[in-house]
Structure formats: C-alpha cells, structure tokens
Amino acid sequence: MDGLIAEKGKTKLIFFAVDDETNLPTKKEMREYFPNCSFNVYKTWGHFRNTLEKIESIFQIMNSGISVSGSYYSKERIFTHIYRINTDKDPNSFFALRYSTSLKGFYEISCENMSEIRNLIEFAKEQHSLMSSIANCVDNFEKGIKLAQKLCLEDKTMSNPDQRSIDKLFTDYGKVGEEQVFERIKQFIEKIKWQ
C-alpha cells in the first residue's frame, strides 16, 4: 500500500472528474460543507497514481464491461481528482448538489477493500481472456473450412465440422460467468459507497 489508504480503518474519498480545476471545491467551501475536517487533494495521474489507477480500473470495468480489464491501452478517465478527507460527518447533500456535474461519488475504502479490488480486476481479466480464447477457437473452425477448401483436403472435421455441436458448445460460452463477475463488481462498488 502506498499510503493513500489508512493501514487500519477506512479512508474517505471524494471523486471528481473536471476539465477545469476551478470547478473543484475550494478550501473555504470544503470547510463550509465539512466543518472541522482536514483533507488533501490528489490528481489521479500524480501522487498515489498506482492505487488510484486500481480504484479507477474497477469503475472502468463497471462502465465498459470486463473487456476493458484486458486492455493496456489508454482507458477512459473516470476521475481526475480525489479528495481524501478526514471527517466524521456524512456527505452534505448541498455539496453533492453544488458539484453534481463534476462529482463522481463518495467512497470509503480500506486496505482489505484494495485487496478485493485487485482480486476483482484479476477475475475480470481471467474471464475476459478465457472468453477471448474461446472466440478465437470458433474463428479457427472457419479458418479450417477455408483451408480445407483451398488445399482440397478430404478431412471432414475441417471441411464440414458439426456446426450444431459447435453452436451448442460455444455460443454464449462464459456469458453467465461474465455477468456474475460484473455483478460482484457492482455489489463491491455499492459496499464501498460512503453515504
């Protein structure tokens, strides 16, 4: 853990997505909406970026599906700034209304939650990888048919595979598992909401 999340207990975080930093709450506004609190502001690509990238990944999967878990290309940015806040107060509804266009949520995350995030991301990657390899397998049946025709091969398993069996075996392979992984992620995000 790199220090963003409290070693013991939970850390309260407020997530924002803004194009212009003037749309973020000021120090004065934070003190008005969260009296007697202390807070720090972090850019998601700056300090603590490794932890914030993991947190953001779980929301990217939630928004775009498990296929994004296997992508190493630049992903859609979900958050731009995180406020780590030390307060006993619940989020202020006027604060939520005031920043409704840039506010992405209030979350309370522990070290155990970060372990869950890592596991959920790994589950999503494994499920996506398996489903992709099965999809490639189905494509190979098509390649086999074309190759058998091109080379005039008399191998019926290649030129005329049992399409009904292929469809029965491979159609929707892993879809229920994908939905279950997605549901676990959805439940996890609900669990870490601070409100």
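Residues numbered from 1 in each chain as written. Predicted model: local features only at pLDDT ≥ 70, side-chain atom pairs only at ≥ 80, totals over all residues. Heavy atoms only, no water.

### Side note on helix H6 (residues 163-170)
As a reminder of what qualifies: Any pair of N or O atoms that falls within 3.5 Å is considered a polar contact. Within protein, one atom must be able to donate a hydrogen and the other to accept it, and sequence-neighbouring residues count only if both atoms are side-chain atoms. Counting from the N terminus, the helices are the DSSP runs of H or I reaching at least four residues and the strands are the DSSP runs of E reaching at least two.
Among the residues of H6, the N-terminal cap falls to Asp 162, whose side-chain oxygen and the backbone nitrogen of Arg 164 are separated by 3.2 Å. In the segment just after H6, Asp 172 is the residue with positive phi, at about 65°.

### Overview of the layout of surface pockets
Applied cut-off: Of the grid points, spaced at 1 Å and generated over the protein atoms alone, those admitting a 1.4 Å probe that cannot get out make up cavities, while open sets with protein on both sides within 12 Å along at least five of seven lines make up pockets; any residue with an atom within 4 Å of a point is treated as lining. Grid points are joined across faces, edges and corners, and a volume is the space filled by probe spheres set on the points. Basically, the charged four are Asp, Glu, Lys and Arg, the nonpolar ten are Ala, Val, Leu, Ile, Met, Phe, Trp, Tyr, Cys and Pro, and anything else, Gly included, counts as polar.
The calculated volume of the second largest pocket comes to roughly 150 Å³. Lining the second largest pocket are Met 131, Ile 134, Ala 135, Val 138, Gln 163, Ile 166, Asp 167, Phe 170, Thr 171, Tyr 173 and Lys 175. Elements supplying a minimum of two residues to the lining of the second largest pocket: helix H4 (111-150) and H6. Considered class by class, the residues forming the lining of the second largest pocket number seven nonpolar, two polar and two charged.

### Thoughts on the nonpolar core
The test is simple: The definition of a nonpolar core used throughout is a set of buried Ala, Val, Leu, Ile, Met, Phe, Trp, Tyr and Cys residues joined through side-chain atoms within 4.5 Å. Each residue's exposure class comes from its accessible area (1.4 Å probe, protein chains only) as a fraction of the maximum for that residue type: buried when under 20%, exposed when over 50%, partly exposed otherwise. For this analysis, residues touch if any pair of their heavy atoms sits within 4.5 Å.
Of all hydrophobic cores here, the largest spans 30 residues; its most connected members are Leu 13, Phe 15, Ile 55, Ile 58, Phe 59 and Ile 109. Elements that contribute at least two residues to this core include exactly strand E1 (10-16), helix H2 (49-64), strand E4 (103-110), H4 and helix H7 (175-191). Sorting elements by how many residues they give to this core places H4 first, with seven residues. Not counting chain neighbours up to four residues away, the residues in contact with Ile 55 comprise Leu 13, Phe 15, Phe 79, Ile 109, Met 114 and Ile 117. Residues Ile 14, Val 18, Ile 85 and Trp 194 belong to the second largest nonpolar core, which totals 16 residues.

### Observations concerning the pairing of strand E3 (residues 81-86)
The line we're drawing: If DSSP finds at least two bridges between two strands, the strands pair.
Two elements, E1 and E3, share five bridges in a ladder whose sense is antiparallel. Bridge pairing in E3 links Phe 15 to Ile 82.

### Let's talk about the pairing of E1
Extensive coverage of E1 is indicated by the burial of six of its seven residues. Alignment of E1 against E4, held across seven bridges, turns out to be antiparallel. Across the sheet, residue Leu 13 finds its bridge partner in E4, namely Tyr 107.

### Some thoughts on the sheet that holds E3
Using the following cut-off: Each axis is a line fitted through C-alpha atoms, and for a helix only the stretch in contact is used; angles between axes span 0 to 180 degrees, taken between their N-to-C directions.
Overall, antiparallel pairing links the four strands, which are arranged E2-E3-E1-E4 in an open sheet. Edge positions in the sheet fall to strand E2 (38-43) and E4, since each has one partner strand and no second. Along the sheet, successive strands turn relative to each other by an average axial angle of 25°, direction set aside. Seen against the sheet, H2 touches E1, E2, E3 and E4 and runs at an angle of roughly 65° to E1.

### A short note on the packing of H4 against H7
To be explicit about the condition: When an angle is under 35 degrees it counts as roughly parallel; over 145 it counts as roughly antiparallel; between 65 and 115 it counts as roughly perpendicular; any other value is oblique. Crossing handedness is defined as follows: a turn of the near helix away from the far one that is anticlockwise and smaller than a right angle gives a left-handed crossing, while the clockwise case is right-handed.
As a packed pair, H4 and H7 sit with axes 10 Å apart at the nearest point and diverge in direction by 160°. The orientation of H4 relative to H7 falls into the category roughly antiparallel. Here the hand of the crossing between H4 and H7 comes out left-handed. The segment H4 lies against H7, with Asn 113, Glu 116, Ile 117, Leu 120, Phe 123, Ala 124, Gln 127 and Met 131 engaging Lys 175, Gly 177, Glu 178, Val 181, Arg 184, Ile 185, Phe 188 and Lys 191.

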